[in-house]
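This is what each chain is made of:
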Amino acid sequence: MKKFLAIASVFVLGSSAFASVEDDVLEVMEEISKPGKNIKKLVKKSDYKNPEFKTNAAIIIKQYEAMRSIKHEEKMFNDFNAKMITELDAFAKIVKGDDFDAMKAGWTKVGATCKECHTEYK
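Residues numbered from 1 in each chain as written. Predicted model: local features only at pLDDT ≥ 70, side-chain atom pairs only at ≥ 80, totals over all residues. Heavy atoms only, no water.

1. Here's the deal with a positive patch on the surface
Side chains of K34, K37, K40, K41, K44, K45, K115 and K122 sit close together on the surface and give a patch of like positive charge. In terms of residues, the positive patch owes the most to one element, helix α2 (residues 21-44), which gives 5 residues. (Patch = residues over 30% accessible without salt bridge, like charges linked within 9 Å, V, L, I, M, F, W, Y side chains within 5 Å. Areas by Shrake-Rupley, 256 points an atom, 1.4 Å probe, with all protein chains shown as cover. Salt bridge = Lys/Arg side-chain N within 4 Å of Asp/Glu carboxyl O. Lys, Arg positive; Asp, Glu negative; His and termini not counted. Charge placed at Lys NZ, Arg CZ, Asp CG, Glu CD. Helix = DSSP H or I, 4+ residues; strand = E, 2+ residues; numbered from the N terminus.)

And the structure:
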């Protein structure tokens, strides 16, 4: 019976207990994928005043928080992640206000940082 419980525990907990850094990163990227696409549509229309822009930005900022604790074996990945955290922290302050030119500039920096990392790792 003890063996059965041990094996069952491995299967039940296995995916979370043995998750890799890559799995953790992919989970975060999946969570921000939809709001990211929504923002891209609004950016194409230069519709930064649309309340959905702030809503989707808030989702991305919140979901990316999980990346703060992720440490990869590759220094370059950690450097990209640190840069993204910095850009999102700055963007989070901007999104609280109503300066839409600043939102555009802030999102442009966030997007460029995303692209820089995804060019290397996607």
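After that view of the structure, there is still more to cover.
2. Comments concerning the side chain of N81
Position of N81 relative to the elements: it lies in helix α4 (residues 75-95). Excluding residues that lie within four positions of it along the chain, N81 makes contacts with Y64, M67 and I70. (Contact = heavy atoms within 4.5 Å.)

3. Description of the nonpolar core
F53, Y64, M67, L88, F91 and W107 are the most contacted members of the largest nonpolar core, which has 22 residues in total. The element that contributes the greatest number of residues to this core is α4, accounting for 6 residues. Not counting chain neighbours up to four residues away, the residues in contact with F53 comprise I39, L42, V43, D47, Y48, F91, M103 and W107. (Core = buried A, V, L, I, M, F, W, Y, C linked by side-chain atoms within 4.5 Å. Buried < 20%, exposed > 50% of the residue type's maximum accessible area, 1.4 Å probe, protein only.)

4. Considerations on the packing of aromatic side chains
Considering all chains together, one arrives at 6 aromatic pairs under this definition. When the centroid spacing of 5.3 Å and the interplanar angle of 85 degrees are considered together, the rings of F77 and Y121 count as edge-to-face. In this pair, F77 sits in helix α4 while Y121 sits in helix α5 (residues 100-121), placing the two residues 44 residues apart along the sequence. Plain terms: the ring middles of F80 and Y121 are 6.2 Å apart, the flat faces sit at 90 degrees to each other, and that makes the pair edge-to-face. Taken together, the residues span a long stretch of sequence, with F80 in helix α4 and Y121 in helix α5 at a distance of 41 residues. (Phe/Tyr/Trp six-rings, centres within 6.5 Å; stacked < 30°, edge-to-face > 60°.)

5. Let's talk about the packing of α2 against helix α3 (residues 51-64)
In contact at an axis separation of 9 Å, α2 and α3 are set at 155 degrees when each is read in the N-to-C sense. Considering the angle they form, α2 stands roughly antiparallel to α3. Between α2 and α3 lies a crossing whose hand is left-handed. Mapping the contact onto sequence places V28, M29, E31, I32, P35, G36, N38, I39, L42 and V43 in α2 and E52, F53, N56, A57, I59, I60, Q63 and Y64 in α3. For the contact of α2 with α3, the residue count by class is 12 nonpolar, 4 polar and 2 charged. (Axes fitted to C-alpha atoms, helices over the stretch in contact; angles between N-to-C directions. Parallel < 35°, antiparallel > 145°, perpendicular 65-115°, else oblique. Left-handed = near helix turned anticlockwise from the far one by under 90°. Nonpolar A, V, L, I, M, F, W, Y, C, P; charged D, E, K, R; others polar.)

6. Observations regarding the environment of S69
Mapped onto the fold, S69 is located in the loop between α3 and α4. A relative accessible area of 63% places S69 in the exposed class. Looking at S69, its side chain comes within polar contact range of the main-chain oxygen of A66, at 3.2 Å. (Polar contact = N/O pair within 3.5 Å; in protein donor to acceptor, adjacent residues only side chain to side chain.)

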